[in-house]
Amino acid sequence: MSHQPIVLPRLAALARQAAPRLLEGVVAPLAVFYAALALLGLKGALIAAVAWVYAGVGWRLVRRVPVPGTMILATVAITVRALLGFWTGSAVIYFLQPELGTICISVLFLASVRLNRPLVQRLTLDYIHLPSAVLRHERVRRFFARITLLWAFVLLANSAVSIWLLLHESIGTYLLVRTTAVAVISGLAVAFSLYAFRRMLSRLHYDPVATPAIAAPPA
């Protein structure tokens with residue numbers, strides 16, 4: 001198979017691309033929520049978290065900037081969690097809300113594979129740039145579909161473990177064991193995803209380390 005030279009950025013460049021969006025879409029909403037929870041209580045925290053996410057979406061729409069897929073998922077999840085929180089006011093339901101949101105996201109992952117628009121590909125492109133020649137290859141399309149299925153089941157597994165702990169253990173045990181279990185399951189899935197991605201690139205002769213046809217810009 002013959003290829004045109006393709007430029008793939010180094011890991012440091014990819015990290016610089018991903019870090020601001022991870023901070024805005026993942027870290028900042030959590031920080032806003034927990035700060036508001038300490039100062040304003042549960043309902044105030046829900047309002048603050050929803051306001052943060054919707055403000056980010058609105059700011060991009062006003063500036064006509066594409067809304068990242070992670071922000072769309074966060075908006076769906078926070079809306080469901082806020083509605084349930086205001087409706088019940090229950091501590092158990094409060095801790096259950098993130099798991100329900102995760103289940104909703106896992107269903108979206110499964111549906112995206114069925115629609116031939118795997119969400120992992122969309123989320124990957126939110127954080128890094130991949131050449132169009134890579135994205136058009138059938139092997140790459142199959143890879144993103146399979147990894148999307150993997151993450152759908154990873155999310156379901158995380159939610160199943162978390163809900164079982166919530167219903168059978170104390171809140172303190174739930175928080176400790178749930179954090180550890182989710183970190184282990186997700187960490188293994190991340191490691192496998194990166195390994196599979198590199199292997200797929202290698203099979204396409206697009207390995208950024210071993211293939212001289214690829215030029216990598218300085219970090």
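Details of the structure are given in the entry above.
Residues numbered from 1 in each chain as written. Predicted model: local features only at pLDDT ≥ 70, side-chain atom pairs only at ≥ 80, totals over all residues. Heavy atoms only, no water.

## Quick look at a positive patch on the surface
- Residues Arg139, Arg142, Arg146, Arg199 and Arg203 make up a contiguous surface patch of positive charge.
- Of all elements in the fold, only α6 (138-168) and α7 (171-203) reach the threshold of two or more residues within the positive patch.
- Sorting elements by how many residues they give to the positive patch places α6 first, with 3 residues.
- As for its placement among the helices and strands, arginine 203 is situated in helix α7. (Patch = residues over 30% accessible without salt bridge, like charges linked within 9 Å, V, L, I, M, F, W, Y side chains within 5 Å. Areas by Shrake-Rupley, 256 points an atom, 1.4 Å probe, with all protein chains shown as cover. Salt bridge = Lys/Arg side-chain N within 4 Å of Asp/Glu carboxyl O. Lys, Arg positive; Asp, Glu negative; His and termini not counted. Charge placed at Lys NZ, Arg CZ, Asp CG, Glu CD. Helix = DSSP H or I, 4+ residues; strand = E, 2+ residues; numbered from the N terminus.)

## What about the packing of aromatic side chains?
- The final tally for this structure, using the stated rule, is 1 aromatic pair.
- An angle of 65 degrees between the planes, with centres 5.3 Å apart, marks the rings of phenylalanine 143 and phenylalanine 144 as edge-to-face. Side by side, phenylalanine 143 and phenylalanine 144 carry an identical accessibility label, which is buried. (Phe/Tyr/Trp six-rings, centres within 6.5 Å; stacked < 30°, edge-to-face > 60°. Buried < 20%, exposed > 50% of the residue type's maximum accessible area, 1.4 Å probe, protein only.)

## Details of the nonpolar core
- Counting residues in each nonpolar core, the largest one holds 20 residues, and the members touching the most others are Phe109, Phe143 and Trp151.
- Among the secondary structure elements, those contributing two or more residues to this core are α2 (69-88), α3 (91-114), α4 (119-127), α6 and α7.
- It is α6 that provides the largest number of residues to this core, a total of 8 residues.
- Apart from residues no more than four positions distant in its own chain, tryptophan 151 is found in contact with Phe109, Val120, Ser186, Ala189, Val190 and Ser193.
- Ala36, Leu46, Ala49 and Ile78 belong to the second-largest nonpolar core, a separate cluster that totals 7 residues. (Core = buried A, V, L, I, M, F, W, Y, C linked by side-chain atoms within 4.5 Å. Contact = heavy atoms within 4.5 Å.)

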